[in-house]
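# A structural walkthrough
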Amino acid sequence: MFLVALLCWLTDTLGGIRYEWRGAVQEEQRFCIRIRIQQADRPVWLVLQEALPGGGWQESRKVYVDRWDLPKDCSLCKEGGMPGQRIRFVLQGPTARGGQLVIYEGYPWGRPPTPPSVEIESSSPPRLRVYFADAGQYLLRCYNRFGEEVFTVPIEVSVSTEMRYELPERLRGLYLIRVQDAIIGKVIAEKPLRL
């Protein structure tokens with residue numbers, strides 16, 4: 001049994017691939033890579049993967065490349081990208097065990113915004129200070145301990161700025177303050193609050 005597993009592992013690696021990078025093309029909402037696969041000792045896949053919020057990668061699209069049809073020019077595109085979206089293009093063997101060769105990894109539509117810093121001033125009434133390092137559109141949200149939304153404040157920032165928000169004096173208990181990027185819909189900062 002061990003010998004069969006070892007032979008499967010040895011025959012499913014990406015040792016014999018040679019390729020040439022032909023460049024990347026970016027339009028407004030489209031990002032494409034072009035490569036020329038010159039040699040491969042087995043069939044391979046050119047795969048587009050998208051980063052998952054909790055870590056890891058999710059396969060989005062793939063193109064099959066037959067080793068008997070080489071050399072071959074290949075292209076793969078990602079449509080509808082957003083700022084802060086991380087993608088990568090990889091060459092992969094016939095199965096997931098075969099390993100991956102990363103050709104491109106990055107943020108073609110720009111890096112995610114720098115998370116704002118959220119601080120609570122212990123004054124009467126308490127003040128919330130939020131520093132935004134990057135321009136953008138944000139939502140400042142407050143939730144009570146039951147997960148119910150207490151308030152939402154839309155914020156548009158054109159340059160780095162600090163915002164101060166005076167909390168109502170009658171607000172007592174446990175709360176969660178969240179800052180969400182309004183364009184990509186992702187929470188980029190949060191802070192628990194006890195009043």
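Sequence order as written defines residue numbering, which begins from 1 separately in each chain. In keeping with the model being predicted, local features are shown solely for residues with a pLDDT of at least 70 and side-chain atom pairs are shown and tallied solely at 80 or more, while totals for entire chains, interfaces and linings include all residues. For the side-chain quantities, the full set of heavy atoms in the structure was used; hydrogens and water were omitted.

## Quick look at the overall build of the chain
Looking only at helices and strands, the chain features one helix and 14 strands. Based on C-alpha atoms, the radius of gyration is set beside the globule rule, defined as 2.2 Å times the residue count to the power 0.38. What you see for the chain is a C-alpha radius of gyration of 24 Å, clearly larger than the 16 Å of a compact globule of 195 residues, by over 25%. Its C-alpha atoms give the chain principal-axis dimensions of about 75 × 45 × 20 Å. Between buried and exposed lies partly exposed: a residue is buried under 20% and exposed over 50% of the maximum accessible area for its type, with that area taken using a 1.4 Å probe on protein chains only. Scored against the burial criterion, the 195 residues of the chain give a buried share of 35%. Sequence-distant contacts, at least 24 apart, represent 53% of the contacts inside the chain between residues at least 6 apart. In this description, accessible areas are obtained by the Shrake-Rupley approach with a 1.4 Å probe, and a residue is regarded as covered only by the protein chains that are shown. Approximately 11,700 Å² of the chain is accessible, and the part contributed by carbon and sulfur atoms is 50%. Counted as positive: Lys and Arg. Counted as negative: Asp and Glu. His and the chain ends are not counted at all. Charged side chains are reduced to one point each, which is NZ for Lys, CZ for Arg, CG for Asp and CD for Glu. Side chains of the chain give 26 positive and 23 negative charges; the mean places of these two sets differ by 4 Å. Strands here mean DSSP runs of E at least two residues long; helices mean DSSP runs of H or I at least four residues long; both are numbered from the N terminus. Any two residues whose heavy atoms approach within 4.5 Å at even a single point are treated as in contact.

## Thoughts on the environment of Val 44
Within the element layout of this structure, Val 44 appears in strand β3 (residues 44-51). Separated by 50 residues in the primary sequence, Val 44 and Pro 94 have C-alpha atoms spaced 5.9 Å apart.

## Describing the pattern of salt bridges
Criterion for a salt bridge: a side-chain nitrogen of Lys or Arg within 4 Å of a carboxyl oxygen of Asp or Glu. Here the structure, examined in full by the defined rule, presents 17 salt bridges. In this structure, Asp 73 and Arg 22 form a salt bridge, with 3.7 Å as the shortest nitrogen-oxygen distance. Of this pair, Asp 73 sits in strand β5 (residues 72-79) while Arg 22 sits in strand β1 (residues 18-26), placing them 51 residues apart in sequence. Its relative accessible area of 48% is what places Asp 73 among the partly exposed residues. Glu 121 is the partner of Arg 127 in a salt bridge, and the nearest nitrogen-oxygen pair spans 3.3 Å. When salt bridges with common partners are traced through the structure, they connect Glu 119, Glu 121, Arg 127, Arg 129, Glu 162, Arg 164 and Glu 166 into a single cluster.

## A look at the state of the cysteines
For the purposes of this analysis, a disulfide is any pair of cysteine sulfur atoms at a distance within 2.5 Å. Scanning all chains against the criterion turns up one disulfide. The cysteine Cys 74 is free of any disulfide, with Cys 77 supplying the nearest cysteine sulfur at 12 Å.

## Here we look at the sheet that holds strand β14 (residues 186-194)
At least two bridges found by DSSP between two strands are what make those strands a pair. Spatially, β11-β10-β13-β14 is the arrangement adopted by the four strands of the open sheet, whose pairing is antiparallel. Pairing within the sheet leaves two strands with one partner each, and these edge strands are β11 (149-157) and β14. Ignoring strand direction, the axes of neighbouring strands in this sheet form an average angle of 15 degrees. As defined by bridge partners, strand β10 (residues 136-144) adjoins strand β13 (residues 174-181) across seven bridges and the pair is classed as antiparallel. Note on β13: the bridge partner recorded for Tyr 143 is Leu 176. Every axis in this analysis is a line fitted to C-alpha atoms, fitted for helices over the stretch in contact. Angles between the N-to-C directions lie between 0 and 180 degrees.

## Structural notes on the sheet that holds strand β2 (residues 30-39)
Pairing within the open sheet is antiparallel, and its three strands lie in the order β1-β2-β5. Looking at strand neighbours, the two that pair on one side only are β1 and β5, the edges of this open sheet. Across the sheet, the axes of successive neighbouring strands diverge by a mean angle of 20 degrees, strand direction being ignored.

## Quick notes on unusual backbone geometry
Of note, the amide linkage connecting Leu 70 to Pro 71 takes the cis form, showing an omega dihedral of 0 degrees. You can see Pro 71 is positioned in the loop between β4 (57-65) and β5.

## Remarks on the packing of aromatic side chains
Stacked, edge-to-face and tilted labels apply to pairs of Phe, Tyr and Trp rings (six-membered ring for Trp) whose centres lie within 6.5 Å, assigned for plane angles under 30 degrees, over 60, and everything in between, in that order. Counted according to the given criterion, the structure contains seven aromatic pairs. On the numbers, 5.0 Å between centres and 40 degrees between planes, the contact of Phe 31 with Tyr 104 is tilted. Pair noted here: Phe 31 is in strand β2 and Tyr 104 is in strand β7 (residues 100-106), with a separation of 73 residues, a long-range link. Side by side, Phe 31 and Tyr 104 carry an identical accessibility label, which is buried.

## Quick look at the side chain of Gln 180
Secondary-structure assignment places Gln 180 in strand β13. Setting aside anything within four residues of it in sequence, one finds Gln 180 in contact with Gln 137, Tyr 138, Leu 139, Arg 141, Gly 185, Lys 186, Val 187 and Ile 188.

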